[in-house]
Amino acid sequence: MSTHDAAPETSGPEAPVRFDTKIAVLLREDLETWQRLNVTAFLVSGLGRQFPEVIGEPYEDADAVGYLPMFRQPVLVFEGAKEILTTAHARALSRALPRALFTSDLFTTGNDRDNRAAVRAVATADLDLVGLAVYGPKNAVDKVLKGARMHP
């Protein structure tokens, strides 16, 4: 089994599915509600393209109307102070975990090109992080997020 496969807790079709990977978002605690939602959506948006195995099958309702597939596992959302984000970012880098970031500068841009330019203009140590998404083995992601708390 690869590190991206689901690991069933018990066998059988009714058994709960446990994953050996984790998708986590860490938000700075001082964000407004609209910012938290916007940052979370942006941070996880690229994960399925980079790691297609995190995407499940398409949905269909009882009338055979189709819907887009979604992540096959939960996205856990955490929050913490600015220092927690800085530390988590450094940990994610040191562990070479797949990550996405959102800086405060991105609230003032209006498109992908300007977003990328805003990030590119700032040295790693000087990034004003407001959000970070991390994906990888559960234990590694847990270590990256040490000190953060679950979002209420």
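Cut-offs used in this document
- Residues numbered from 1 in each chain as written.
- Predicted model: local features only at pLDDT ≥ 70, side-chain atom pairs only at ≥ 80, totals over all residues.
- Heavy atoms only, no water.
- Helix = DSSP H or I, 4+ residues; strand = E, 2+ residues; numbered from the N terminus.
- Buried < 20%, exposed > 50% of the residue type's maximum accessible area, 1.4 Å probe, protein only.
- Contact = heavy atoms within 4.5 Å.
- pLDDT = per-residue confidence, 0-100.
- Pairing = 2+ DSSP bridges.
- Expected span 1.5 Å × (residues − 1).
- Arc of directions from axis to C-beta.
- Salt bridge = Lys/Arg side-chain N within 4 Å of Asp/Glu carboxyl O.

### Examining the overall build of the chain
Next, step 1: Of regular secondary structure, the chain possesses five helices and nine strands.
Next, step 2: Along the chain, helices (α) and strands (β) appear in the sequence β-β-β-α-α-β-β-β-α-β-α-β-α-β when read from the amino end.
Next, step 3: Judged by the C-alpha coordinates and their principal axes, the chain covers about 50 × 35 × 30 Å.
Next, step 4: Counting across all 152 residues of the chain, residues that qualify as buried make up 32%.
Next, step 5: If you take every contact in the chain between residues at least 6 apart in sequence, the share linking residues at least 24 apart comes to 69%.

### Things to note about the confidence of the model for the chain
Next, step 1: Looking at the chain as a whole, the pLDDT averages 91, with 91% of positions reaching at least 70.
Next, step 2: Across the chain, strand β5 (residues 66–67) holds the top mean pLDDT of 98, while strand β1 (residues 6–8) sits lowest at 46.
Next, step 3: This stretch, residues 1–10, has a pLDDT under 50; its non-local contacts, to residues over four places away or in other chains, come to 27 contacts.

### Focus: the pairing of strand β6 (residues 75–80)
Next, step 1: Taken together, the six bridges between strand β3 (residues 21–28) and β6 define a ladder with parallel strand orientation. Bridge pairing in β6 links L26 to F78.
Next, step 2: For β6 and strand β9 (residues 149–150), the ladder comprises two bridges, and the chain directions are antiparallel. Opposite F78, over in β9, you have M150 as the bridge partner.

### What about helix α1 (residues 33–44)?
Next, step 1: For α1, with 12 residues, the first-to-last C-alpha span of 17 Å sits near the 16 Å given by 1.5 Å per residue.
Next, step 2: Those residues of α1 that sit buried are Q35, R36, V39, T40, L43 and V44. End-on view of α1: buried residues confined to an arc of 140°, all on one side of the axis.

### Focus on helix α3 (residues 82–94)
Next, step 1: For α3, which comprises 13 residues, the first-to-last C-alpha distance of 19 Å matches the rise-based estimate of 18 Å (1.5 Å per residue) to within 8%.
Next, step 2: Here α3 has its buried residues at L85, A88, H89 and A92. Within α3, the buried residues cover an arc of 105° as seen down the axis, which keeps them to one side. Among the exposed residues of α3, those oriented more than 90 degrees off its buried face are E83 and S94.
Next, step 3: Lining the buried residues of α3 we find β3, β6, β7 (99–103), β8 (129–137) and α5 (138–144).
Next, step 4: The positive-phi residue at the C-terminal boundary of α3 is A96, with phi of around 55°.

### Thoughts on the pattern of salt bridges
Next, step 1: Applying the stated rule across the entire model yields nine salt bridges.
Next, step 2: A salt bridge links R28 to D128, with the shortest nitrogen-to-oxygen separation between them at 2.8 Å. Of this pair, R28 sits in strand β3 while D128 sits in the loop between α4 (112–120) and β8, and the two are 100 residues apart along the sequence.
Next, step 3: Take R28: its relative accessible area is 12%, and that puts it in the buried class.
Next, step 4: Here D128 falls in the partly exposed class, since its relative accessible area comes to 24%.
Next, step 5: Note that R116 is salt-bridged to D112, the shortest N-O span being 3.0 Å. Residue R116 and its partner D112 are both found in helix α4; the two are separated by four residues, about one turn of the helix.
Next, step 6: Beyond isolated ion pairs, a larger network of salt bridges with shared partners links R28, D30, K82 and D128.

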